[in-house]
Amino acid sequence: MKTRQLTQMALMLALLIICSQLTVPLGPVPLTLQTFAILMIGLVLPPKYAGLTTLIYLVIGLFGLPVFSGGTGGFGSFISPSFGFVIGFIPASFIISYLKQRLKPETNSKLIGITLIGTVILYIIGLSYMYIIFRNVLDIETGFTHVLQLGLIPFIPGDIFKALLAIFVYKRLQRIL
């Protein structure tokens, strides 16, 4: 691993931590800029470094550093309904990076497709985890439709904006990367 790659990983990790602290509570899933950071990590870093960066974020958060949304951390985060999204950061960032590397997208439409795939992966993992935590840990009888209303529907417009913003910023950074 070269100094340049370590520096890029550290900057992307810092971006993710900062974006995690900018929180607006909206029920069990807070509104943050984490999705923007995950998209940037996937667009900027090679696949293994994208996955490693998000894994480091998860590990330092679980060991108690207050890096998760709202300044939380520790092993108690496992029972948070929104923790599945944090778990989903790893495959989402890796797959975004892998697809970008593999497809070598030069058009915005391809980048939009790649970020959409990453966001869908994030939602599949996050919403499934939320459903499991609600039903099996918190003993809240709820259907998957209710989980979609809590963890997906309110976030779609913001996630579209974050994807477009990530593509815009990535295109501007491409010259110096």
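Our subject is the structure that appears above.
Residues numbered from 1 in each chain as written. Predicted model: local features only at pLDDT ≥ 70, side-chain atom pairs only at ≥ 80, totals over all residues. Heavy atoms only, no water.

Trainee: Hey, could you go over the nonpolar core for me, with residue numbers and the actual values?
Mentor: A general feature of soluble globular proteins is that nonpolar side chains tend to end up buried together. Counting residues in hydrophobic clusters, the biggest one holds 46 residues, and the most contacted among them are Leu-45 and Tyr-57. Breaking this core down by element, the ones donating at least two residues are helix 1 (3-21), helix 2 (34-44), helix 3 (47-62), helix 4 (83-103), helix 5 (108-137) and helix 7 (156-173). When residues in this core are grouped by element, the largest group, 10 residues, is from helix 5. The contact partners of Tyr-57, leaving out residues within four places of it in the chain, are Leu-13, Leu-16, Ile-17, Ser-20, Gln-34, Val-67, Phe-68, Ser-69, Val-86 and Phe-89. (Core = buried A, V, L, I, M, F, W, Y, C linked by side-chain atoms within 4.5 Å. Buried < 20%, exposed > 50% of the residue type's maximum accessible area, 1.4 Å probe, protein only. Helix = DSSP H or I, 4+ residues; strand = E, 2+ residues; numbered from the N terminus. Contact = heavy atoms within 4.5 Å.)

Trainee: Tell me about helix 4, residues and numbers included.
Mentor: Taking 1.5 Å of rise per residue, 21 residues should cover 30 Å, and helix 4 covers 30 Å from first to last C-alpha, within 8% of that figure. A bend of about 35 degrees at Phe-89 is the largest found in helix 4, and the proline Pro-91 appears one to four places after it. Within the sequence span of helix 4, burial applies to Phe-83, Gly-84, Phe-85, Val-86, Gly-88, Phe-89, Ala-92, Ser-93, Ile-96, Ser-97, Leu-99 and Lys-100. In this fold, the buried residues of helix 4 make contact with helix 1, helix 2, helix 3, helix 5, helix 6 (144-151) and helix 7. One or two positions beyond helix 4, positive phi appears at Lys-104, with a value near 45 degrees. (Expected span 1.5 Å × (residues − 1). Bend = angle between axes of the 7 residues up to and from the residue.)

Trainee: Which residues make up the pattern of salt bridges, and what values go with them?
Mentor: Pairing between side chains of opposite charge can happen when their charged atoms approach one another. On inspection of all chains with the given rule, the structure shows 2 salt bridges. One salt bridge in this structure joins Arg-135 and Glu-141, with 3.4 Å as the shortest N-O distance. Note on Glu-141: relative accessible area 64%, which makes it exposed. Measuring nitrogen to oxygen at the nearest pair gives 3.3 Å for the salt bridge that ties Lys-162 to Asp-159. (Salt bridge = Lys/Arg side-chain N within 4 Å of Asp/Glu carboxyl O.)

Trainee: How would you explain the packing of aromatic side chains if you had to name every residue and give the values?
Mentor: Under the definition given, this model contains 10 aromatic pairs. Ring centres of Phe-63 and Phe-75 lie 5.8 Å apart, and the angle between their planes is 75 degrees; this geometry places the pair in the edge-to-face category. With Phe-63 in the loop between helix 3 and helix 4 and Phe-75 in the loop between helix 3 and helix 4, the pair connects residues that are 12 residues apart, well separated along the chain. In this structure Phe-63 comes out as exposed when scored by relative accessible area, which is 63%. The exposed category is assigned to Phe-75, whose relative accessible area is 51%. A network of ring pairs unites the aromatic residues Tyr-57, Phe-63, Phe-68, Phe-75, Phe-78, Phe-83, Phe-89 and Tyr-129 as a single cluster. (Phe/Tyr/Trp six-rings, centres within 6.5 Å; stacked < 30°, edge-to-face > 60°.)

Trainee: So, the side chain of Asp-159: which residues are in play, and what are the values?
Mentor: Its place among the elements puts Asp-159 in helix 7. If near-sequence neighbours (up to four positions away) are discounted, Asp-159 is found in contact with Thr-35, Thr-119 and Tyr-123.

Trainee: Give a description of the packing of helix 2 against helix 4 that names residues and reports values.
Mentor: Running from N to C, helix 2 and helix 4 point in directions that differ by 40 degrees, and their axes come no closer than 7 Å. Considered as vectors, helix 2 and helix 4 are oriented oblique to each other. As helix 2 packs across helix 4, the resulting crossing turns out to be right-handed. Every residue of helix 4 that contacts helix 2 at Gln-34, Ile-38, Leu-39, Ile-41, Gly-42 and Leu-43 is listed here: Phe-89, Ala-92, Ser-93, Ile-96, Ser-97 and Lys-100. Its residues assigned to classes, the contact of helix 2 with helix 4 shows 7 nonpolar, 4 polar and 1 charged. (Axes fitted to C-alpha atoms, helices over the stretch in contact; angles between N-to-C directions. Parallel < 35°, antiparallel > 145°, perpendicular 65-115°, else oblique. Left-handed = near helix turned anticlockwise from the far one by under 90°. Nonpolar A, V, L, I, M, F, W, Y, C, P; charged D, E, K, R; others polar.)

Trainee: If you had to explain the side chain of Thr-115 to someone new, which residues and values would you point to?
Mentor: By the secondary structure assignment, Thr-115 is in helix 5. The buried category is assigned to Thr-115, whose relative accessible area is 1%. Polar contacts involving the side chain of Thr-115 include one to the main-chain carbonyl oxygen of Ile-112, which spans 3.0 Å. Apart from the residues within four sequence positions on either side, Thr-115 is in contact with Leu-39, Leu-43, Ala-163 and Ile-167. (Polar contact = N/O pair within 3.5 Å; in protein donor to acceptor, adjacent residues only side chain to side chain.)

Note that all results are geometric; they support no functional claim without further evidence.
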